Amino acid sequence: MVRIKNRYIAVQIVPYTPTQSLRLNDHSLTKILLQNVEKYHGVYGLGVIEQGFRVKYINDRTKMAIIRCLHRGQHFVSSVLPLITLIGDVRAKFRTLYIGATIIQCNKFIVKHQKQFLDRTMGQLTSAKERQDLFKRVMEFDMDR
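Here the structure is a predicted model, which is why all the values come from computation and not from measurement.

Criteria and cut-off values
Residues numbered from 1 in each chain as written. Predicted model: local features only at pLDDT ≥ 70, side-chain atom pairs only at ≥ 80, totals over all residues. Heavy atoms only, no water. 1 Å grid on protein atoms, 1.4 Å probe; cavity = no way out; pocket = protein on both sides within 12 Å on 5 of 7 lines; lining within 4 Å. Points joined across faces, edges and corners; volume = space filled by probe spheres on them. Helix = DSSP H or I, 4+ residues; strand = E, 2+ residues; numbered from the N terminus. Nonpolar A, V, L, I, M, F, W, Y, C, P; charged D, E, K, R; others polar. Pairing = 2+ DSSP bridges. Disulfide = S-S within 2.5 Å. Buried < 20%, exposed > 50% of the residue type's maximum accessible area, 1.4 Å probe, protein only. Phe/Tyr/Trp six-rings, centres within 6.5 Å; stacked < 30°, edge-to-face > 60°. Contact = heavy atoms within 4.5 Å. Axes fitted to C-alpha atoms, helices over the stretch in contact; angles between N-to-C directions.

Draft legend 1. Region of interest: the layout of surface pockets. When its volume is computed, the largest pocket comes out at roughly 400 Å³. Listed by contribution, the elements that provide at least two residues to the lining of the largest pocket are β1 (6–15) and α3 (103–122). Residue contributions to the lining of the largest pocket peak at four residues, all from β1. Here the residues of the lining of the largest pocket sort into seven nonpolar, six polar and three charged.

Set out below in structure tokens:
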């Protein structure tokens, strides 16, 4: 019996103009990625990644996402990410932060990255209520999808 190997790609979505929210969900991000893989790699590329492809996590506040794909289709996804310039109706780009073999390692990297984000942004907030609210929204890590 052969084990199915997955790859987890941690990406950051960087809008060209600073926006508060991209209003993305996992379904719309999946649709954008699959359309671009089909555009650049054709039906073969789409067929290779379609099985096992899923957006596991997306945080609209930090603009971070974790994408799961099969090991054999990982290069199709990672080669398309820099070519995407339009996400929904917002001009933005993907920045690949980490590619790992397990969701646990990807989770550790995301938590470390989000703590660094908190360190940078906490100094800009004045009230304790705003800081607590930011901490809750940034450090939420819901992987139930």
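Here the narrative resumes.
Draft legend 2. Quick look at the pairing of strand β5 (residues 90–100). Bridge count for β1 against β5 is eight bridges, and the pairing is antiparallel. The residue bridging A10 from the neighbouring strand is Y98, located in β5. Note that strand β4 (residues 86–87) and β5 share two bridges and pair antiparallel. Directly across from L86, in β5, lies its bridge partner R91. Between β4 and β5, which pair antiparallel in sequence order, lie two residues; one of them, G88, sits at a positive phi of approximately 70 degrees.

Draft legend 3. Structural context of the state of the cysteines. According to the stated counting rule, one finds zero disulfides in the structure shown. As a non-bridged cysteine, C69 has C106 as the owner of its nearest cysteine sulfur, 11 Å distant. Residue classification places C106 among the buried residues on the basis of a relative accessible area of 0%.

Draft legend 4. Here's a closer look at the packing of aromatic side chains. All chains considered together, the criterion is met by two aromatic pairs. Considering the side-chain rings of Y44 and F76, the 6.0 Å spacing of their centres and the 75 degrees angle between planes classify their relative orientation as edge-to-face. Highlighted residues: Y44 in helix α1 (residues 26–50) and F76 in helix α2 (residues 74–80), separated in sequence by 32 residues. Judged by its relative accessible area of 62%, Y44 is exposed. Residue classification places F76 among the buried residues on the basis of a relative accessible area of 10%.

Draft legend 5. Just the sheet that holds strand β3 (residues 64–70), in detail. The strand order across the open sheet built from five strands is β2-β3-β1-β5-β4, with neighbouring strands paired in antiparallel fashion. Pairing within the sheet leaves two strands with one partner each, and these edge strands are β2 (54–59) and β4. With respect to the sheet, α1 is in contact with β2, β3, β4 and β5, its orientation differing from that of β2 by roughly 125 degrees. The sheet contacts of α3 involve β1, β2, β3 and β5, and relative to β5 the element is tilted by about 125 degrees.

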